[in-house]
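Coordinate inspection notes
Residues per chain are reported as follows:
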Amino acid sequence: MIKRICSHLRWHYINVKLCIFSLFCNNHMNQSYAADVFMEPIIWFVDNFTKCLGPVFVGCVMCLMSAVIFIAYWIGLPYWWEKSYETTIGLLIVGNWLLVNTLFHYYMGVATPPGYPPQESLIPEAVSICKKCVAPKPPRTHHCSVCNRCVLKMDHHCPWLNNCVGHYNHRYFFMYMVYIVLSTFFLMISGFEIAYNEVWLGNMDAVVDEHANLEPVGFPLKFNQSMMSDPNWKNEVEKLSMNPELQWRRRAIIFMAFICSGAFVALFSLSVWHARLIRRGETSIEANINKSETKRLAQLNKTYINPYDFGPKKNWEIFLGNGRCRVWLWNIFPSRHKPIGDGLTWSTIYSISENSGIDHLKIA
């Protein structure tokens with residue numbers, strides 16, 4: 001009986017051992033493969049979590065922008081209107097120009113599909129097969145694990161847009177960041193005086209109107225003896241500080257300052273980084289690929305050259321869609337002009353002859 005049980009256990013042990021060896025002990029097993037296997041559940045969770053929270057992120061962006069716009073018109077507009085009509089008109093022109101461009105580019109970044117390879121059709125331009133969706137993949141196309149499909153000239157998946165950034169909406173994404181940076185900088189400059197008077201100095205204007213002896217000389221404030229001897233001074237200051245409207249104004253200004261300063265620092269850094277990528281004619285994904293290729297070829301005493309780098313000026317023209325019938329002026333006003341090319345074929349530095357232009361070249 002004991003011998004029979006031991007034989008049965010030994011048989012199960014051999015089966016488990018064989019199963020383990022068949023899964024791990026093969027030619028494809030290495031450190032990277034093992035890491036991918038263990039990280040797959042985490043990656044799956046992050047991808048699905050990001051996809052579910054995409055609409056929430058878009059809602060948060062819209063709420064924050066709406067709050068900032070409301071505060072600017074509620075506090076900033078009356079303040080500058082009472083101070084100077086001419087200055088207010090100039091601020092309204094610049095501010096509304098920034099506002100329209102910001103809202104337009106954000107909406108287009110969210111609503112415009114990034115571009116996808118044709119489904120169930122022959123793609124002559126394909127250079128490889130996507131391992132995840134098992135479909136032909138054109139040049140500069142990559143698979144998005146969040147959207148679960150290939151994207152033309154994919155840069156990254158942006159949760160704040162709830163959309164991939166690719167060939168057809170890359171310009172909208174970048175211009176939105178640029179206009180957010182300009183808008184927050186504009187609000188910080190135009191609102192600095194308001195914040196200084198109402199938050200830092202404490203908004204003493206109402207008391208100043210009733211007491212001519214008040215002499216503000218900076219912060220902290222200094223008062224003469226006649227002001228300090230006024231028995232109603234303390235009560236008036238306390239009454240002013242407890243004013244609900246004043247309290248809400250201060251909270252709104254502080255909220256505005258944190259939002260604008262945080263967005264300015266974060267998106268300014270991100271805009272500069274993306275501008276460098278555009279200047280070099282590459283996307284975020286291609287930057288990592290080009291970096292790896294540069295190191296690999298350097299070990300072989302070779303130099304890697306990005307085939308899509310036509311020089312800073314031409315790279316910017318391609319990215320902004322400035323062809324023969326389009327001018328740079330189009331990018332400072334809302335414009336729905338499409339990028340150059342269809343995203344399936346791309347010109348390279350090797351396909352340019354001495355007498356040909358980039359707009360006429362298409363290669364796979």
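Residues numbered from 1 in each chain as written. Predicted model: local features only at pLDDT ≥ 70, side-chain atom pairs only at ≥ 80, totals over all residues. Heavy atoms only, no water.

1. Examining the overall build of the protein chain
In plain terms, the rule: What counts as a helix is a DSSP run of H or I of at least four residues, what counts as a strand is a run of E of at least two, and both are numbered from the N terminus. Each residue's exposure class comes from its accessible area (1.4 Å probe, protein chains only) as a fraction of the maximum for that residue type: buried when under 20%, exposed when over 50%, partly exposed otherwise. Residue contacts are counted whenever heavy atoms from the two residues lie within 4.5 Å of one another.
On a plain count of helices and strands, the protein chain comes out with ten helices and eight strands. Within the span of the protein chain, comprising 364 residues, buried residues form 35% of the whole. In the protein chain, once contacts between residues fewer than 6 apart in sequence are set aside, the share between residues at least 24 apart is 63%.

2. Quick notes on helix α8 (residues 244–279)
So the rule is basically this: Residue count minus one, scaled by 1.5 Å, sets the expected span of a helix.
The terminal C-alpha atoms of α8, which comprises 36 residues, lie 51 Å apart, in line with the 52 Å expected from a rise of 1.5 Å per residue. Every buried residue of α8 is listed here: Leu246, Arg249, Arg250, Ala252, Ile253, Met256, Cys260, Leu267, Ser271, His274, Leu277 and Ile278.

3. Some details on the pattern of salt bridges
Put simply, the rule reads: Salt bridges, as used here, are contacts in which a Lys or Arg side-chain nitrogen is within 4 Å of a carboxyl oxygen on Asp or Glu.
Counted according to the given criterion, the structure contains six salt bridges. Between Lys83 and Glu193 there is a salt bridge, and its shortest N-O distance comes to 2.2 Å. Taken together, the residues Lys83 in helix α2 (residues 31–83) and Glu193 in helix α4 (residues 170–200) connect sequence positions 110 residues apart. Given the relative accessible area of 46%, Lys83 is considered partly exposed. Here Arg140 makes a salt bridge to Glu286, at a shortest N to O gap of 2.7 Å. Linking Arg140 in the loop between β2 (136–137) and β3 (142–144) with Glu286 in helix α9 (residues 284–299), this pair joins segments that are 146 residues apart in sequence.

4. A look at the UniProt feature "transmembrane region" (unreviewed entry) in the protein chain
As a reminder, the rule being used: UniProt positions are given in the numbering used here, feature names are shortened, and annotations may be inferred rather than shown by experiment.
The feature "transmembrane region" (unreviewed entry), as given by UniProt, occupies residues 53–77, 89–108, 173–196 and 252–273 in the numbering adopted here. The distance separating the terminal C-alpha atoms of residues 173–196 is 34 Å; by composition the span is 100% helix and 0% strand. Overall, residues 252–273 shows 100% helix and 0% strand. The separation of its end C-alpha atoms is 31 Å.

5. Observations regarding empty space enclosed by the protein
We apply this condition: Whether a set of points on the 1 Å grid over the protein atoms alone is a cavity depends on a 1.4 Å probe fitting there but being unable to get out, while an open set qualifies as a pocket with protein on both sides within 12 Å along at least five of seven lines; lining residues are those with an atom within 4 Å of a point. Grid points are joined across faces, edges and corners, and a volume is the space filled by probe spheres set on the points. Note that Gly is not counted as nonpolar here; it falls among the polar residues with everything else outside the nonpolar set of Ala, Val, Leu, Ile, Met, Phe, Trp, Tyr, Cys and Pro and the charged set of Asp, Glu, Lys and Arg.
Summed over all chains, the structure comprises one cavity of 30 Å³ or more. By volume, the largest cavity is sized at about 120 Å³. Around the largest cavity, the lining is made up of 15 residues, and of these His167, Arg171, Ile318, Phe319 and Pro339 lie nearest the centre. Split by residue class, the lining of the largest cavity holds eight nonpolar, four polar and three charged.

6. A short note on the packing of α4 against helix α10 (residues 312–320)
So the rule is basically this: Axis lines are fitted to C-alpha atoms, over the contacting stretch for helices. Their N-to-C directions set the angle, which ranges from 0 to 180 degrees. Throughout this description, any angle smaller than 35 degrees is read as roughly parallel, any larger than 145 degrees as roughly antiparallel, any in the 65 to 115 degree range as roughly perpendicular, and the remainder as oblique.
Direction vectors running N to C along α4 and α10 enclose 105°, while the axes themselves pass 9 Å from each other. The orientation of α4 with respect to α10, classified from their angle, is roughly perpendicular. For the pair formed by α4 and α10, the contact residues are His170, Arg171, Phe174 and Met175 on the first element and Trp316, Phe319 and Leu320 on the second. Residues of the contact of α4 with α10, tallied by class, amount to five nonpolar, one polar and one charged.

7. Comments concerning the side chain of Asn163
Condition: Throughout this description, a polar contact denotes any pair of N or O atoms lying within 3.5 Å of each other; where both atoms belong to protein, one of them has to be capable of donating a hydrogen while the other can accept it, and for residues adjacent in sequence the pair is counted only when both atoms sit in side chains.
The topology assignment puts Asn163 in strand β6 (residues 163–165). Within polar-contact distance, the side chain of Asn163 engages the backbone oxygen of Gly109 at 3.2 Å. Polar side-chain contacts of Asn163 include one of 3.4 Å to the backbone oxygen of Val110. Aside from chain neighbours lying at most four places away, what touches Asn163 is Gly109, Val110, Thr112, Pro113, Pro114, His157, Cys158 and Asn169.

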